[in-house]
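# Fold and geometry: a report
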Amino acid sequence: MRVYWPTTLPALAAAAPSGLLAVAPATAHAVTPVLREYYADADPRELEEELEYVAMSDAAEQSLRLLAAAPDGGAPRRVVLALDVPGPAAPRPDAGWLAPGRSRVVLEQDLTLAALVSVHVDDAEAEADVRAALAALPAADAGDEDARFTVESVEGHELLWYDATELSLLLAVGA
């Protein structure tokens, strides 16, 4: 099963030497029944790719929140790891129709770099918008629509794709 795990560059660099990303139960994002139902009217020829993209986008929003919570989040860039893990994942009981709950799952195994397929990270051009989103996040969570628009505007930046074999290079240059 493909899952998307949100992180930050400093957290990824810290986990890389041991290869352990998260201890079970680990929360990630994936294509869930709720997400599938939400997109029931989508073109079936493009559905799987679209659902995977939405799950990754939900993980990217969680990465933004991790950056906001970190004392030193490093470069203001969202980071999402795509991992192939064995077995099914259980949708969170609090999953709703809205992001990011709609794709949130709980995995009953540790997440390790051995399962890494690809790394998705913002480029340098996204940093100003990520900083603005981080500053607006508390007001957005309090219901301020203008602040929510600022937070959502970071979604206009596509995450860059790196193969798993490029992880050490990515960490060496700090993206």
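Whatever comes next refers back to the structure up there.
Note that the structure is a prediction, hence the values are computed from the model and not measured.

## With respect to the environment of L20
- Counting through the fold element by element, L20 comes out in strand 2 (residues 20–22).
- Using a relative accessible area of 35% as the deciding quantity, one classes L20 as partly exposed.
- Placed 92 residues apart in sequence, L20 and T112 show a C-alpha to C-alpha distance of 4.6 Å.
- Beyond its immediate stretch of four places on either side in the chain, L20 contacts A15, D110, L111 and T112.

## A few points about the pattern of salt bridges
- Counting across every chain of the model gives 10 salt bridges.
- Residues D84 and R2 are paired through a salt bridge, measuring 2.6 Å at the closest nitrogen-oxygen approach. In this pair, D84 is assigned in strand 4 (residues 79–84) and R2 in strand 1 (residues 2–7), connecting sequence segments 82 residues apart.
- On the basis of relative accessibility, which here comes to 37%, the residue D84 falls in the partly exposed class.
- Residue R2 is classed as partly exposed on the basis of its relative accessible area, which comes to 29%.
- Linked through salt bridges whose partners overlap, the residues forming this network are E61, R65, D141, R148 and E152.

## Quick notes on the packing of helix 3 (residues 47–69) against helix 4 (residues 127–141)
- At a minimum axis distance of 10 Å, the contact between helix 3 and helix 4 shows a crossing angle of 90°. Compared by their axis directions, helix 3 and helix 4 come out roughly perpendicular. Judged by residue contacts, L64, R65, L67 and A68 of helix 3 engage V130, A133, L134, L137 and D141 from helix 4.
- Partitioning the contact of helix 3 with helix 4 into residue classes produces seven nonpolar, no polar and two charged.

What counts as what
Residues numbered from 1 in each chain as written. Predicted model: local features only at pLDDT ≥ 70, side-chain atom pairs only at ≥ 80, totals over all residues. Heavy atoms only, no water. Helix = DSSP H or I, 4+ residues; strand = E, 2+ residues; numbered from the N terminus. Buried < 20%, exposed > 50% of the residue type's maximum accessible area, 1.4 Å probe, protein only. Contact = heavy atoms within 4.5 Å. Salt bridge = Lys/Arg side-chain N within 4 Å of Asp/Glu carboxyl O. Axes fitted to C-alpha atoms, helices over the stretch in contact; angles between N-to-C directions. Parallel < 35°, antiparallel > 145°, perpendicular 65-115°, else oblique. Nonpolar A, V, L, I, M, F, W, Y, C, P; charged D, E, K, R; others polar.

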